[in-house]
Amino acid sequence: MYLWNRRLSKDDTELVIKRAQASGYIQVLLDLGILTVLLHFTGGITNPFIFVYVIHTTAASILLTKRRPMN
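Cut-offs used in this document
- Residues numbered from 1 in each chain as written.
- Predicted model: local features only at pLDDT ≥ 70, side-chain atom pairs only at ≥ 80, totals over all residues.
- Heavy atoms only, no water.
- Helix = DSSP H or I, 4+ residues; strand = E, 2+ residues; numbered from the N terminus.
- Buried < 20%, exposed > 50% of the residue type's maximum accessible area, 1.4 Å probe, protein only.
- Areas by Shrake-Rupley, 256 points an atom, 1.4 Å probe, with all protein chains shown as cover.
- Phe/Tyr/Trp six-rings, centres within 6.5 Å; stacked < 30°, edge-to-face > 60°.
- Contact = heavy atoms within 4.5 Å.
- Patch = residues over 30% accessible without salt bridge, like charges linked within 9 Å, V, L, I, M, F, W, Y side chains within 5 Å.
- Salt bridge = Lys/Arg side-chain N within 4 Å of Asp/Glu carboxyl O.

Moving on, we come to the overall build of the chain. Looking only at helices and strands, one finds three helices and zero strands in the chain. Secondary structure elements of the chain, listed N to C terminal, follow the sequence α-α-α. Within the chain, the proportion of its 71 residues that are buried is 13%. Accessible surface, the chain: about 6200 Å² in total, of which carbon and sulfur atoms supply 68%.

Encoded structure:
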C-alpha cells in the first residue's frame, strides 16, 4: 500500500480523496434512508430503537461537517 501511494501523483491523490468522500456521503445517505424506512414500518416514533436513528444522525453530522459539492 505504501509503494502504491508513493507512485500517485498529486492529481491521482485528489481523485482518490474525492472518491472516498463521495463514497462516505453515499453510504451515510443510504444508511439513513434504509433506517428511516425500517423505523417507519416497525412502529414509527413509538419504536424503542429510535435512538439508533439519533445516534447515526449525530455521528454523520460530526464526521461530515464540511459541505462540499461532489464533482
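Attention now moves to the packing of aromatic side chains. Summed over the entire model, instances satisfying the criterion amount to one aromatic pair. When the ring of F49 is compared with that of F51, the centres are 6.2 Å apart and the planes differ by 40°; the resulting orientation is tilted.

As for its placement among the helices and strands, N47 is situated in the loop between α2 (10-41) and α3 (50-63). Beyond its immediate sequence surroundings of up to four residues, N47 is in contact with L39 and T42.

Within the secondary structure, T57 is located in helix α3. Spatially, the C-alpha atoms of T57 and D31 are 9.8 Å apart, while their sequence positions differ by 26 residues.

The subject of this paragraph is a nonpolar patch on the surface. Judged by side-chain polarity, I26, L30, I34 and L38 come together as a nonpolar surface patch covering roughly 390 Å² of accessible area. Looking at the element boundaries, I26 is found in helix α2. Given a relative accessible area of 48%, I26 falls into the partly exposed group.

Distances and angles like these do not, on their own, reveal function.
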